[in-house]
Amino acid sequence: MWAGRTMVAIGVLHTLVFLPHPYWTDWLSGSAWRGVELPDEAHIVFWALPGSFVPVLILLGLLVSRLGKRGETLPAYMGWVLAGWCAVGLWFVGPSGFMFGFVPAGLLIADSIRTRRTEPGREASLSA
């Protein structure tokens, strides 16, 4: 459950950091698809906010939190894939918000290991 809440928090914080910029008017007016020349920074910031991983991360966080409230455990690969994605992000851009992604990844992996040790067969039935 905490892994999901952490993912939602990361997504919300990411949005708050990148929210204040002048390009919302251009994006909402459709300038990009009408061929209006926008500065390179407008395209970069787009991929950092509305075109980024944030909506998917928040949705995944809400799903993980809901499953956690039900007492369900996700397969370990969810945490490993999240950790891998964060590692690649850190490799590309260096120290950044990707570091925070290791928190929910570690929580998912640890919960999966704990469940496998205490309740054999339970995780396998959830991943099917």
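Presented here is a report on the structure given in the accompanying data block.

The rules behind these values
- Residues numbered from 1 in each chain as written.
- Predicted model: local features only at pLDDT ≥ 70, side-chain atom pairs only at ≥ 80, totals over all residues.
- Heavy atoms only, no water.
- Helix = DSSP H or I, 4+ residues; strand = E, 2+ residues; numbered from the N terminus.
- Rg over C-alpha atoms; globule rule 2.2 N^0.38 Å.
- Buried < 20%, exposed > 50% of the residue type's maximum accessible area, 1.4 Å probe, protein only.
- Contact = heavy atoms within 4.5 Å.
- Areas by Shrake-Rupley, 256 points an atom, 1.4 Å probe, with all protein chains shown as cover.
- Lys, Arg positive; Asp, Glu negative; His and termini not counted.
- Charge placed at Lys NZ, Arg CZ, Asp CG, Glu CD.
- Axes fitted to C-alpha atoms, helices over the stretch in contact; angles between N-to-C directions.
- Parallel < 35°, antiparallel > 145°, perpendicular 65-115°, else oblique.
- Left-handed = near helix turned anticlockwise from the far one by under 90°.
- Nonpolar A, V, L, I, M, F, W, Y, C, P; charged D, E, K, R; others polar.
- Salt bridge = Lys/Arg side-chain N within 4 Å of Asp/Glu carboxyl O.
- Phe/Tyr/Trp six-rings, centres within 6.5 Å; stacked < 30°, edge-to-face > 60°.

1. Description of the overall build of the protein chain
No. 1: Each helix and strand counted, the protein chain has seven helices and zero strands in total.
No. 2: Its helices and strands taken in sequence order, the protein chain reads α-α-α-α-α-α-α from the N to the C terminus.
No. 3: Radius of gyration (C-alpha) of the protein chain: 18 Å, far over the 14 Å computed for a compact globule of 128 residues.
No. 4: Here the protein chain holds 128 residues, and the buried ones make up 33% of them.
No. 5: Here the analysis covers contacts within the protein chain between residues at least 6 apart in sequence; of these, 67% occur between residues at least 24 apart.
No. 6: As presented, the protein chain carries roughly 8,200 Å² of accessible surface, and 70% of it is formed by carbon and sulfur atoms.
No. 7: Across the protein chain, the 9 positively charged side chains and the 8 negatively charged ones have centroids separated by 16 Å.

2. What to know about the packing of helix H1 (residues 2–18) against helix H6 (residues 102–118)
No. 1: The geometry of H1 relative to H6 is characterised by a closest axis approach of 8 Å and an angle of 165 degrees between their N-to-C directions. The pairing of H1 with H6 is recorded here as roughly antiparallel in orientation. Note on packing geometry: the crossing formed by H1 with H6 is left-handed. Contacts between H1 and H6 pair Trp-2, Ala-3, Thr-6, Met-7 and Ile-10 from the former with Val-103, Pro-104, Leu-107 and Leu-108 from the latter.
No. 2: Partitioned by chemical class, the residues of the contact of H1 with H6 number eight nonpolar, one polar and no charged.

3. So, the pattern of salt bridges
No. 1: Here the structure, examined in full by the defined rule, presents two salt bridges.
No. 2: For Glu-72, the salt bridge identified is with Arg-70, shortest N-O distance 3.9 Å.

4. Details of the packing of aromatic side chains
No. 1: A full pass over the atoms with the stated rule returns three aromatic pairs.
No. 2: A ring pair is formed by Phe-53 and Trp-85, whose centres lie 4.9 Å apart and whose planes are at 75 degrees; its orientation type is edge-to-face. On the criterion of sequence distance, the pair formed by Phe-53 in the loop between helix H3 (40–48) and helix H4 (54–69) and Trp-85 in helix H5 (residues 76–93) is long-range, its members being 32 residues apart.
No. 3: When its relative accessible area of 23% is taken as the criterion, Phe-53 is described as partly exposed.
No. 4: Assessed through its relative accessible area of 33%, Trp-85 is described here as partly exposed.
No. 5: When the centroid spacing of 5.8 Å and the interplanar angle of 90 degrees are considered together, the rings of Trp-85 and Phe-98 count as edge-to-face. With a gap of 13 residues between them, Trp-85 in helix H5 and Phe-98 in the loop between H5 and H6 connect regions that are remote in the sequence.
No. 6: Overall, the relative accessible area of 21% leaves Phe-98 in the partly exposed class.

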